2 protein chains.
Amino acid sequence: MALTAARTPPGVLELLPLDQIAFQDMLDTIRRSFERFGFLPVETPVMELTDVLLTKEGGETERQVYFVQSTGNLGKEGTPEMALRFDLTVPLARYVAEHEHQLNFPFRRYQMQRVYRGERQQRGRFREFYQCDIDVIGKDALSIRYDAELPAVIYQVFRDLKIGPFTIQLNNRKLLRGFFENLGQSDAQRQALILREIDKLDKVGSDKVADTLRGGDFCLSDTDVTKLLDFVQTRSSSHADAMEKLAALGTGSVTFNEGIAELREVLELIRALGVPEAYYALNLSIARGLDYYTGTVYETHLLEHPQIGSICSGGRYENLAGHYTKSHLPGVGISIGATRLYWQLREAGLIGTGTSTVQVLVTQMDEAELPRYLAIANELRQAGINTEVVLEGGKLARQFKYAEKAGIAFAVVCGSDEIARDAVVIKDLRRREQFEVARAEMVKALRVEIEQAQAMG
Amino acid sequence: MALTAARTPPGVLELLPLDQIAFQDMLDTIRRSFERFGFLPVETPVMELTDVLLTKEGGETERQVYFVQSTGNLGKEGTPEMALRFDLTVPLARYVAEHEHQLNFPFRRYQMQRVYRGERQQRGRFREFYQCDIDVIGKDALSIRYDAELPAVIYQVFRDLKIGPFTIQLNNRKLLRGFFENLGQSDAQRQALILREIDKLDKVGSDKVADTLRGGDFCLSDTDVTKLLDFVQTRSSSHADAMEKLAALGTGSVTFNEGIAELREVLELIRALGVPEAYYALNLSIARGLDYYTGTVYETHLLEHPQIGSICSGGRYENLAGHYTKSHLPGVGISIGATRLYWQLREAGLIGTGTSTVQVLVTQMDEAELPRYLAIANELRQAGINTEVVLEGGKLARQFKYAEKAGIAFAVVCGSDEIARDAVVIKDLRRREQFEVARAEMVKALRVEIEQAQAMG
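Novice: Would you mind going over the overall build of chain A with me for this structure?
Specialist: A count of helical and extended segments in chain A gives 17 helices and 16 strands. Along the first, second and third principal axes, the C-alpha atoms of chain A reach 90 × 60 × 45 Å. Looking at chain A as a whole, 45% of its 457 residues qualify as buried. Summarising the internal contacts of chain A: among those between residues at least 6 apart in sequence, 68% fall at separations of at least 24.

Novice: It is not clear to me how the sheet that holds strand S5 (residues 107–116) of chain A should be interpreted in this structure. Could you clarify?
Specialist: Pairing between sheet strands relies on hydrogen bonds along the backbone, with the strands arranged either parallel or antiparallel. Residues and elements named next belong to chain A. Across the sheet, which stays open at both edges, the eight strands sit in the order S1-S5-S6-S11-S10-S9-S7-S8 with mixed pairing between neighbours. Pairing within the sheet leaves two strands with one partner each, and these edge strands are strand S1 (40–41) and strand S8 (280–282). Where S1 meets S5, two bridges bridge the pair, whose relative direction is parallel. The residue bridging Pro-41 from the neighbouring strand is Tyr-110, located in S5. Lying over the sheet, helix H1 (residues 17–36) contacts S5, strand S6 (128–137) and strand S11 (331–337), oriented at roughly 160° with respect to S5. On the sheet, helix H6 (residues 173–182) packs against strand S7 (166–172) and strand S9 (293–302) and is oriented at approximately 50° with respect to S7.

Novice: Is there a simple way to explain the interface of chain B and chain A in this structure?
Specialist: It is common to report an interface's size as the accessible area lost on association of the parts. Residue-level contacts link 79 residues of chain B with 80 residues of chain A. With six residues, the top contributor of residues to the side of chain B that touches chain A is helix H1 (residues 17–36) of chain B. Split by residue class, the side of chain B that touches chain A holds 36 nonpolar, 23 polar and 20 charged. Two elements, strand S3 (residues 66–70) of chain A and strand S3 (residues 66–70) of chain B, share five bridges in a ladder whose sense is antiparallel. Bridge pairing in S3 of chain B links Val-68 of chain A to Val-68 of chain B.

Novice: How should the sheet that holds strand S14 (residues 410–413) of chain A be read in this particular structure?
Specialist: All names here are of chain A. Sheet architecture is open: five strands sit in the order S13-S12-S14-S15-S16, paired in mixed fashion. Of all strands in the sheet, those bounded by a partner on one side alone are strand S13 (387–389) and strand S16 (433–438). Along the sheet, successive strands turn relative to each other by an average axial angle of 25°, direction set aside. Bridging between strand S12 (residues 360–362) and S13 involves three bridges; their strand directions are parallel. By the bridge assignment, Val-362 is partnered in S13 with Val-389.

Novice: Explain the domain arrangement of chain A to me, please; I cannot follow it from the model alone.
Specialist: Residues and elements named next belong to chain A. Parsing chain A into structural domains produces domain 1 (11–164 + 304–352), domain 2 (172–279) and domain 3 (360–455). Domain 1 and domain 2 are separated by 28 Å when their C-alpha centres are compared. Tallied by class, residues from the side of domain 1 that touches domain 2 come to five nonpolar, no polar and three charged.

Novice: What am I meant to see in the relation of the copies chain B and chain A here?
Specialist: Both copies of the chain are related by a screw-like operation: a rotation about an axis and a shift along it. In screw terms, the move from chain B to chain A is a rotation of 180° and a rise of 0.0 Å along the axis, fitting with an RMSD of 0.0 Å. Here the two chains are linked by the operation of a two-fold rotation axis. Measuring from the rotation axis to each C-alpha of chain B, the shortest distance belongs to Val-68 of chain B, at 2.4 Å. Both copies share a contact surface, since 100% of the interface residues of chain B are interface residues in chain A too.

Novice: Is there a simple way to think about the pairing of S5 of chain A in this case?
Specialist: On a regular strand, one side chain projects to one face of the sheet and the next to the other, so that they alternate. Residues and elements named next belong to chain A. With nine of its 10 residues buried, S5 lies for the most part within the structure. In this structure, S5 lies alongside S6, joined through 10 bridges in antiparallel fashion. Among the inter-strand pairings, Phe-107 is bridged to a residue of S6, identified as Ile-137.

Novice: What should I look at first to understand the environment of Leu-269 of chain B in this one?
Specialist: Position of Leu-269 of chain B among the secondary structure elements: in helix H12 (residues 254–272). Each C-alpha atom of the pair Leu-269 of chain B and Ala-148 of chain B lies 5.8 Å from the other, and the pair is 121 residues apart in sequence. Setting aside anything within four residues of it in sequence, one finds Leu-269 of chain B in contact with Leu-374 of chain A together with Arg-145 and Ala-148 of chain B.

Novice: I would appreciate a short explanation of the nonpolar core in the present structure.
Specialist: Soluble, globular proteins show a tendency: their nonpolar side chains are buried together. If you look at the biggest cluster of nonpolar residues, it comprises 264 residues, and the most contacted ones within it are Val-96 of chain A together with Ala-83 and Val-96 of chain B. Excluding anything up to four places from it in sequence, Val-96 of chain B contacts Leu-103, Phe-107, Ile-137, Leu-320, Ala-321 and Leu-329 of chain B.

Novice: What is the right way to look at helix H4 (residues 89–98) of chain B in this model?
Specialist: Most of H4 of chain B sits out of view: 10 of its 10 residues are buried. Every buried residue belonging to H4 of chain B is among Thr-89, Val-90, Pro-91, Leu-92, Ala-93, Arg-94, Tyr-95, Val-96, Ala-97 and Glu-98 of chain B, and all of these are buried.

Novice: For this particular structure, what's the right way to read the confidence of the model for chain A?
Specialist: Detail in the predicted coordinates should be disregarded across regions flagged by low pLDDT. Counting all residues, the mean pLDDT for chain A is 93, and 97% of those residues have values of 70 or more. Here the prediction assigns the complex a pTM of 0.95, and the interface score ipTM is 0.94.

Novice: What am I meant to see in H6 of chain A here?
Specialist: Residues spaced three or four apart along an α-helix point in a common direction, a consequence of the helix completing one turn every 3.6 residues. Residues and elements named next belong to chain A. With eight of its 10 residues buried, H6 lies for the most part within the structure. Arg-173, Lys-174, Leu-175, Leu-176, Arg-177, Gly-178, Phe-179 and Phe-180 are the residues of H6 that are buried. Of the surrounding secondary structure, the elements contacted by the buried residues of H6 are S7, helix H7 (188–198), helix H10 (222–232), helix H12 (254–272) and S9. The positive-phi residue at the C-terminal boundary of H6 is Gly-184, with phi of around 85°.

Novice: I tried to follow unusual backbone geometry on my own but got confused; where do I start?
Specialist: Generally, phi is negative for residues other than glycine and the peptide bonds are trans, each holding for most cases. Of note, the amide linkage connecting Phe-105 of chain A to Pro-106 of chain A takes the cis form, showing an omega dihedral of -5°. The residue Lys-162 of chain A is not glycine, and still its phi comes out positive at about 55°. For Cys-219 of chain B, which is not glycine, the phi torsion reads 55° and is therefore positive. Among the structural elements, Cys-219 of chain B can be located in the loop between helix H9 (206–214) and helix H10 (222–232). Take Cys-219 of chain B: there are 9 C-beta atoms within 10 Å of it, and that puts it in the exposed class.

Novice: Can you walk me through the packing of helix H9 (residues 206–214) of chain A against H10 of chain A in this structure?
Specialist: For any two helices packed against each other, one specifies the inter-axial angle together with the distance between the axes. Residue and element names in this part refer to chain A. At a minimum axis separation of 10 Å, H9 and H10 run at an interaxial angle of 135°. Regarding the angle of H9 to H10, the classification is oblique. For H9 against H10, the interelement crossing comes out right-handed. Together, Ser-206, Ala-210, Leu-213 and Arg-214 of H9 and Asp-222, Val-225, Leu-228 and Leu-229 of H10 make up the contact between the two elements. Tallied by class, residues from the contact of H9 with H10 come to five nonpolar, one polar and two charged.

Novice: What should I look at first to understand the packing of helix H6 (residues 173–182) of chain B against H12 of chain B in this one?
Specialist: Residues and elements named next belong to chain B. Contact geometry of H6 with H12 gives a least axis separation of 7 Å together with a crossing angle of 150°. The orientation of H6 relative to H12 falls into the category roughly antiparallel. Read as a crossing pair, H6 and H12 show a hand that is left-handed. Packed against H6, whose contacting residues are Lys-174, Leu-175, Arg-177, Gly-178, Phe-179, Glu-181 and Asn-182, the element H12 presents Thr-255, Phe-256, Glu-258, Gly-259, Ile-260, Glu-262 and Leu-263 at the interface.

Novice: When you look at the environment of Asp-25 of chain B in this model, what are you seeing that I'm missing?
Specialist: Tracing the backbone shows Asp-25 of chain B in helix H1. Sequence separation between Asp-25 of chain B and Thr-355 of chain B is 330 residues; the distance between their C-alpha atoms is 9.9 Å.

Definitions and cut-offs
- Residues numbered from 1 in each chain as written.
- Chains lettered and ligands numbered in written order.
- Predicted model: local features only at pLDDT ≥ 70, side-chain atom pairs only at ≥ 80, totals over all residues.
- Helix = DSSP H or I, 4+ residues; strand = E, 2+ residues; numbered from the N terminus.
- Buried ≥ 20, exposed ≤ 12 C-beta atoms within 10 Å, placed from the backbone.
- Contact = placed C-beta atoms within 7 Å.
- Pairing = 2+ DSSP bridges.
- Axes fitted to C-alpha atoms, helices over the stretch in contact; angles between N-to-C directions.
- Nonpolar A, V, L, I, M, F, W, Y, C, P; charged D, E, K, R; others polar.
- Domains from an automatic or database assignment.
- Least-squares fit on C-alpha atoms with pLDDT ≥ 70 in both.
- Core = buried A, V, L, I, M, F, W, Y, C linked by C-beta atoms within 7 Å.
- pLDDT = per-residue confidence, 0-100.
- Parallel < 35°, antiparallel > 145°, perpendicular 65-115°, else oblique.
- Left-handed = near helix turned anticlockwise from the far one by under 90°.

In structure tokens form, the structure reads like this:
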């Protein structure tokens, strides 16, 4: 028979078991933090009806969509009936609109599932990837206070992931919009073009950006360019500094003043929620999705790995589900692109392979004693210890080698000597140490060893 | 703007948050048991390359496949490049063949992901559903002993799911094949046709089946029909009874004798693994996928809900990945269709909505004290208690009502009286009781309450 080459489609991240364990640990940590803050789990189908998914016409999004067709419908004219979700926001909007009368508002949900985009093939770009989202959705209105809760979740997530120091950077679209209005730039499209230039600051430097803004396309005055660059380069270094910098902005249009008032309140509540001030800061250049966010916006950056870019972003939006319901549903949310984050952290050496989920290997010294080894394994499992038992036997040295290669930390050995003494030997495969314990003490001893090994990481 | 009706595609199971929690609990229990027995996690992409997924030509499977196409490829001639997986077995075969040299054998993996089938629309039939699979894959050979380990996993899974008594039923394809050979029926296709009739026993009764087997299509003798019906109706009522019934079968062809020897060994090891004998039994009518399984086969039935059918099935197969590699990779595996199982258990009233993942609601009695409430919430969260804090305020009675509706068991209340005494009130929303504790004792008191509530289910 001719063989088919076993391979995955391009643009997916498939992991070996120990890497999968590391990735799963990351997802579990994220999920734990989401639940700690009172967010409820939601899962939606991977496919949505095309007319539901693509309510907006055309655009970048639609071109990257994967359509789904059953065999019987192949070759039929027209757009296929279903497509794979490209984010978790559209499914959330559909979910909230569909189940509106069965949900409690403010509705706090988390969702951690894969999404699909027909990205061009490129290293580190994925066509299938996990997103981990939380959102709070209000009915008719949603207090600005929720905008402070999300940074507290971000803080806990990345503190618990132990991937080094980070800053949650905040801005407010009203402040940004008000500032442009003060400069006489009220047109949203023109604002977007200016912001696109400002986005290049890190890459090309402020002189080049200033040149462009003074140039033919924009014709901003020297004073305005200076004001603009000063404004967007505003960063705070402490809580007090953030408050001072906001005060120093003075007053302006209604929108501008609202932006400042919202940022102040959010910053105060972030502090009240126990987030240390080293972990949050103003960054008045942050804009995020221009046609979507309307108030608070967030980015999160690893201080020691700026090249990774924002690892968690989001913000406040005016109305979640206008395409599906007449209800006004304002919300605030954040998203972590977990697959890309995992990949980047691994590339940066911040995440290694996981410890095996298997904690103990019960070895097989004497085939005739197999029932005894099975009973030992059963005892360990009932005590909550993840246990593999060698069923096929072979030389003990080979069994240890297997355990080491598989990343299993402990082995239990029980030969005729140990049986005679009603004991077992516990072998620590990492430290290459071993000791004998009474069989009755085996579970207790292994629990201590496992806890110590976990504490040492 | 014209609204689009918010709706999911037909044939998917989308859950409200408290149901999602119940479902997630079920998946977590299954995953915990899989890990307890030393199985390692694997996830594969939802889409596979079409030529990899559909190595077998035609057949039922292919007609139910969902193909995936990016926008740019719509309308192009020919079969689309990618398709959604319809089970977890083909992806496992591809995974093991692709990563063969980086895996440890016997390779023990679990996989819990969704699969996709273009099923006809019908109540209780799903087009998207979770499968939870474990398999052990050997290189070149795999001891029969592994066939005994899987029932031990099944036992733990369903014991921990607490859905009532169940039996893991065992048979062996070799025994079945040998028995047919003894009857002079060596043709595999003819065996399959006879088995299809036998499958109707429960529905039409043994008289009808006997008539058919004696009739024109089969022409079996009276003696053979009696032998056959006696054989396939063999069930054991205890471990000793199973051994006796196997002994009573006598001897036959090499295949027949192998089947008996394998069943004996598997039964003995299941017992050695600590599975109580009430939970496993012989059922010599079980055949399962006829062109796939070659040895041990399993089904699992709930004693009090026989109409649900098998809730966990599987068996031994000769070679996992013959389409992708020349390596000989025998294996044994089981599969739980978790979405369908959850749906059936819910229909049967065996599963209700879950308890909220939110354990405590910190209420807001006095808006001016918001920072205090945030600090309380922070303290609870840092102590590992899942906490929601009321940010928008309103009447306390309405806040309690929200908590009850949301399935949150406890509320913390802190007004000026409590503040003066440096205390908080803990309210049990289910028992409608409340008591005051010193603020310093809050975490401890809530931990006790939560534990008690959990212990009472």
